[in-house]
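Close look at the chain arrangement
The lines below spell out each chain.
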Amino acid sequence: MASSTAVSRVRRQLPASPWLLAAPGLLVTGAFILYPFVSTLVNAFTDRRTLIPGRFVGLANFRELLHDDMFWTGLRNSTLYVLGVVPALVVLPLLLALLVQKNIPGITFFRSAFYTPVVASIVVVGLIWVWLLDERGLINSLLETIGVGRVGFLSDQWLLLISAMAVTVWKGLGYYMIIYLAALGNVPRELHEAAAVDGAGAVRRFRTVTVPAVRSTMVLVGALSSVAAFKVFSEVYLMAGPSGGPAGEDTTLVMLVQRTGTGLTGRVGYASALSVVVFVVTVVLMLLVLRADRRERT
Amino acid sequence: MSVIDKVRPAPAPAVAREPRVTDEHGRPIRVGELALRYVLLLAVLALTVGPFLWQLSTSLKGPTEDIFSSPPKFLPGRPTLHNYERVADTIPVWDYALNSLKVATANVVTNCVGSALAGYALARLRYRGRGVATLVFVLAMLVPVEGIIIAQFTTMRELGLNNTLIGVVLPGCIGAMNVLLMRNAFLNLPYEIEEAAYVDGADVWQRFLRIALPSVKGTLAVVAIFAFMGAWDDFLWPLIVLSDPSKFTLTIGLNYLHGTFAGDERLVAAGTVIAVTPLIALFACLQRYFFRGAGEGAVKG
């Protein structure tokens with residue numbers, strides 16, 4: 001009651017200033033997020049280039065997509081990226097959170113240390129791993145020392161993609177660990193104790209107590225990481241090079257958008273059509289994760 | 001065991017027992033489990049921090065020292081800052097660092113001011129169209145940036161701001177998620193305090209600056225830190241919008257360094273250490289805000 005009278009007083013006093021306060025935010029959001037979004041949807045149906053205003057070409061860009069081998073390569077790699085990265089990012093950070101959950105001496109140091117890759121720029125992370133995975137780098141030195149021999153992590157098309165996935169997982173572990181840590185704090189201790197009294201071992205308790213308790217967080221992490229994984233750019237760009245590895249076979253969809261649409265000769269129309277595919281797949285991924293969640297619940 | 005647990009507050013007689021390391025509920029942890037935990041923690045530590053240390057070690061190795069040896073040498077034989085001098089001779093790395101600092105600082109200021117103002121307007125003031133204004137920010141948050149980056153680039157060209165640091169800052173200068181974070185923070189404040197101020201004759205600016213804003217300092221700090229980190233670390237957008245090497249930020253400069261001097265590992269290593277050190281220092285000082293941001297960003301993102 002009291003607060004609603006205060007609200008009406010506030011309104012009487014301020015005719016214009018609410019919009020004034022929100023104006024900078026609305027302006028920036030409108031001009032640099034929503035307008036580009038709409039303009040992407042429009043441009044996808046034109047043959048616009050960076051320096052040439054486009055004409056309406058109907059579905060020509062989308063028809064071209066179907067016959068563009070690079071598009072299928074990009075779609076394949078971005079999809080593989082989701083399949084490779086998401087399971088690891090749903091499970092490993094949860095295990096890590098369980099490891100750092102107990103307040104044993106020094107644990108805050110470990111938590112912070114595990115978060116360090118999140119803080120570093122993806123460029124730094126990418127270049128660190130390019131050097132680690134180099135033909136003559138640390139990992140190959142170690143492999144040679146133990147007698148395995150050197151592996152061409154950055155020269156083989158598939159090893160390169162897998163290495164990039166590993167780097168994405170490495171950089172994301174700490175971030176999702178913190179999210180899981182918050183969720184684990186809400187799991188009632190009594191559940192674990194009851195299960196332990198019933199004779200359930202650690203693995204069994206993980207499956208029957210921990211996982212059900214943090215299920216919604218797992219779905220959240222799955223949704224966040226799958227959308228991020230599909231839009232992968234920097235890791236692959238840095239590790240495979242701007243042209244996407246041997247014969248461009250490691251190009252991802254967003255790399256293709258960047259390569260096609262920028263520069264003075266950029267094909268804005270075609271790159272916009274590629275972007276529309278990115279939007280559509282992103283939405284589909286979200287819906288798939290949410291549906292999988294619902295189905296498992298029932 | 002359990003009897004001793006119950007009398008734990010009284011100092012137990014010095015009997016040789018297991019070390020009393022307890023978990024967050026005050027229950028003791030067995031020595032075996034504890035040892036296993038530390039072994040695993042150290043293994044993960046080596047995996048997460050080791051690569052940074054290897055990079056640091058490489059950057060400190062002189063030109064005559066073998067960096068490819070097998071088995072590897074983890075510590076530099078004679079540490080030298082020679083490679084850092086060479087980076088500065090090869091690319092204008094300190095100019096790039098200054099550009100990154102400018103971009104990151106501008107991003108912090110605009111995000112803090114812009115999202116606090118807009119968040120307050122969305123949370124505390126009643127007016128026609130407030131729902132629409134909120135919806136604008138929610139929709140903007142859902143748009144994947146990678147999908148609109150070409151249109152952002154053409155927009156910048158139309159404004160004549162491509163290849164400028166302003167062009168780097170503008171698209172993210174008031175993040176929709178930050179506006180919504182601030183809105184939620186203001187919504188969680190009890191209204192009665194502002195009402196009391198209103199009765200005392202405070203106008204909207206006074207209430208905003210003196211009462212509401214000081215109460216959401218924590219959230220504002222999260223916004224500031226993530227704005228700084230986001231701008232300092234960003235790669236794709238500056239890569240697209242900047243083409244003149246004299247305007248490069250550190251991340252783009254590093255990419256250029258790597259692309260041009262890929263064979264010179266010591267040089268690239270020194271460059272990456274320069275780029276990552278400020279943020280690790282920031283993180284070391286302000287950890288809890290970084291952690292809080294991870295939690296809040298996930299829930300609301």
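What counts and what doesn't
Residue positions are counted from 1 within each chain, in the order its sequence is given. Note on labels: chains are lettered from A, ligands numbered from 1, in written order. pLDDT decides what is reported in this predicted model: residues at 70 or higher carry local features, side-chain atom pairs at 80 or more are listed and counted, and totals for whole chains, interfaces and linings draw on all residues regardless. Calculated side-chain values reflect all of the structure's heavy atoms, with hydrogen atoms and water omitted. UniProt positions are given in the numbering used here, feature names are shortened, and annotations may be inferred rather than shown by experiment. The helix and strand labels rest on DSSP assignments: H or I over at least four residues marks a helix, E over at least two residues marks a strand, and numbering proceeds from the N terminus. Put simply, the radius of gyration uses C-alpha atoms, and a globule should come to 2.2 Å times the residue count raised to 0.38. For every residue, the accessible area (1.4 Å probe, protein chains only) is compared with the maximum for its type, and the residue is labelled buried under 20%, exposed over 50%, or partly exposed between those bounds. Whether two residues are in contact is decided by their heavy atoms, any of which lying within 4.5 Å being enough. Here the quantity called buried area is the accessible surface, traced with a 1.4 Å probe, that two parts lose on coming together, added over both. Here, a salt bridge means any side-chain nitrogen of Lys or Arg that lies within 4 Å of a carboxyl oxygen of Asp or Glu. As defined here, a cavity is a set of points on a 1 Å grid over the protein atoms alone where a 1.4 Å probe fits but cannot get out. A pocket is an open set with protein on both sides within 12 Å along at least five of seven lines, and residues line them when an atom is within 4 Å of a point. Grid points are joined across faces, edges and corners, and a volume is the space filled by probe spheres set on the points. Ten residues, namely Ala, Val, Leu, Ile, Met, Phe, Trp, Tyr, Cys and Pro, are considered nonpolar, four, namely Asp, Glu, Lys and Arg, are considered charged, and the remaining ones, Gly among them, are considered polar. For Phe, Tyr and Trp, where Trp contributes only its six-membered ring, two rings pair if their centres lie within 6.5 Å, and the inter-plane angle classes them as stacked under 30 degrees, edge-to-face over 60, or tilted in between. Charge-over-ring contacts are defined here by two conditions on Lys NZ or Arg CZ: a distance within 6 Å of the ring centre and an angle within 35 degrees of the ring normal. For helices, the axis comes from a line fit to the C-alpha atoms of the stretch in contact; other axes are also lines fit to C-alpha atoms, and the angle between any two N-to-C directions lies between 0 and 180 degrees. Angles below 35 degrees are treated as roughly parallel, those above 145 as roughly antiparallel, those between 65 and 115 as roughly perpendicular, and all remaining angles as oblique. Throughout, a crossing is termed right-handed when the near helix is turned clockwise from the far one, and left-handed when it is turned anticlockwise from it by less than a right angle.

Looking up chain B in an unreviewed UniProt entry gives the name Carbohydrate ABC transporter permease, with the organism given as Streptomyces luteolifulvus. A UniProt comment under Subcellular location (unreviewed entry) is attached to chain B, and it reads "Cell membrane". Heading Sequence similarities (unreviewed entry) of the UniProt record for chain B holds this comment: "Belongs to the binding-protein-dependent transport system permease family."

For chain A, the name recorded in an unreviewed UniProt entry is Sugar ABC transporter permease, with Streptomyces luteolifulvus as its organism. According to the UniProt record, the Subcellular location (unreviewed entry) comment for chain A is "Cell membrane". Its UniProt record, at the heading Sequence similarities (unreviewed entry), says of chain A: "Belongs to the binding-protein-dependent transport system permease family."

Let us now look at the overall build of chain A. In terms of regular secondary structure, chain A is built from 14 helices and 0 strands. Each helix (α) and strand (β) of chain A, taken in turn from the N terminus, gives the series α-α-α-α-α-α-α-α-α-α-α-α-α-α. Relative to the 2.2 N^0.38 estimate, which gives 19 Å for 298 residues, the radius of gyration of chain A is 24 Å and therefore markedly larger than a compact globule would have. Across its three principal directions, the C-alpha atoms of chain A cover 75 × 70 × 40 Å. Split into buried and exposed, the 298 residues of chain A put 55% on the buried side.

UniProt records the feature "domain: ABC transmembrane type-1" (unreviewed entry) for residues 97-285 of chain B in the present numbering. End-to-end, the C-alpha atoms of residues 97-285 of chain B are 20 Å apart, and along that stretch the chain is 79% helix and 0% strand.

Residue-level contacts link 97 residues of chain A with 97 residues of chain B. Summing both partners gives a buried area of about 8,900 Å² for chain A against chain B, and 74% of it is carried by carbon and sulfur. Looking only at chain A, the three residues that lose the most surface to chain B are Leu21, Phe32 and Trp131 of chain A, adding up to 9% of its buried area. At the boundary of chain A and chain B, one finds 3 salt bridges. The partner of Glu158 of chain B in a salt bridge is Arg48 of chain A, and the shortest N-O contact between them spans 3.0 Å.

Peptide bonds are, in most cases, trans, and in most cases residues other than glycine have a negative phi. Positive phi, close to 55 degrees, is recorded for Ala247 of chain A, a residue that is not glycine. Positionally, Ala247 of chain A belongs in the loop between α12 (234-240) and α13 (253-261). Accessibility expressed as a relative area gives 76% for Ala247 of chain A, which makes it exposed. Unusually for a residue other than glycine, Asn163 of chain B sits at a positive phi of about 65 degrees. Summarising the element assignment, Asn163 of chain B is placed in the loop between α6 (145-159) and α7 (165-169).

Right, let's get into the pattern of salt bridges. Using the criterion set out here, one finds 13 salt bridges over all chains in the structure. Between Lys102 of chain A and Glu33 of chain B there is a salt bridge; the shortest N-O distance is 3.3 Å. With Lys102 of chain A in the loop between α4 (69-101) and α5 (107-119) and Glu33 of chain B in helix α2 (residues 31-59), the pair connects residues from two separate chains. Lys102 of chain A gets classed as buried once you look at its relative accessible area, which sits at 15%. Residue Glu33 of chain B is classed as partly exposed on the basis of its relative accessible area, which comes to 25%. Shared partners join several salt bridges into a network, and the residues in it are Lys102 of chain A together with Glu33 and Arg37 of chain B.

Below, the discussion takes up the layout of surface pockets. Gaps between atoms show up when a probe of the same size as a water molecule is rolled over them. Here the second largest pocket is characterised by a volume of approximately 1,600 Å³. For the lining of the second largest pocket, the secondary structure elements donating two or more residues are α4, α8 (157-184), α9 (189-197) and α10 (202-213) of chain A together with α2 of chain B. Top element by residues in the lining of the second largest pocket is α8 of chain A. It accounts for 8 residues. Class assignment for the residues of the lining of the second largest pocket results in 25 nonpolar, 8 polar and 11 charged.

This model, assessed by the stated rule, comprises 28 aromatic pairs over all chains. Their ring planes at 35 degrees and their centres at 6.1 Å tell us that Phe233 of chain A and Phe235 of chain B sit as a pair that is tilted. Taken together, the residues span two chains, with Phe233 of chain A in the loop between α11 (215-230) and α12 and Phe235 of chain B in the loop between α11 (217-233) and α12 (236-241). A residue is classified by how much of its surface remains accessible, and Phe235 of chain B, at 1% relative accessible area, is buried. Within the aromatic cluster, the residues linked to one another by ring pairs are Tyr115 of chain A together with Phe226, Phe283, Phe290 and Phe291 of chain B. The lysine or arginine in question, Arg136 of chain A, covers the ring of Phe68 of chain B, its NZ or CZ lying 3.5 Å from the ring centre. The positively charged end of Arg267 of chain A is found above the aromatic ring belonging to Tyr270 of chain A, 4.6 Å away from the centroid.

A separate point is the environment of Val108 of chain B. Residues and elements named next belong to chain B. Considering the arrangement of structural elements, one finds Val108 in helix α4 (residues 93-124). Classification of Val108 as buried rests on a relative accessible area of 18%. Put simply, Val108 and Ala133 are 25 residues apart on the chain and 23 Å apart in space, counted from C-alpha to C-alpha. Contacts of Val108, omitting those with residues within four sequence positions, involve Ala224, Ala227 and Phe228.

Turning our eyes to something else, we now look at the UniProt feature "transmembrane region" (unreviewed entry) in chain A. Residue and element names in this part refer to chain A. As annotated by UniProt and renumbered to match this structure, "transmembrane region" (unreviewed entry) occupies residues 19-38, 80-100, 112-132, 158-183, 213-233 and 268-290. Structurally, residues 19-38 is divided into 100% helix and 0% strand, and its ends, taken at the C-alpha atoms, are 23 Å apart. As annotated, residues 213-233 has a helix share of 81% and a strand share of 0%, and its two end C-alpha atoms lie 34 Å apart.

On to the UniProt feature "domain: ABC transmembrane type-1" (unreviewed entry) in chain A, then. This chain's UniProt record puts "domain: ABC transmembrane type-1" (unreviewed entry) on residues 75-289 of chain A. End C-alpha atoms of residues 75-289 of chain A are separated by 19 Å, and the span's content is 75% helix alongside 0% strand.

Residues and elements named next belong to chain B. Two numbers describe how helix α5 (residues 130-142) lies on helix α8 (residues 176-187): the axes approach to 8 Å, and their chain directions differ by 130 degrees. Classed by the angle they form, the pair α5 and α8 counts as oblique. For the element pair α5 and α8, the recorded crossing hand is left-handed. Judged by residue contacts, Thr134, Phe137, Val138, Ala140 and Met141 of α5 engage Ala176, Met177, Val179, Leu180 and Arg183 from α8. Taken together, the residues that form the contact of α5 with α8 break down as 8 nonpolar, 1 polar and 1 charged.

As for its placement among the helices and strands, His258 of chain B is situated in helix α13 (residues 250-260). Classification of His258 of chain B as buried rests on a relative accessible area of 16%.

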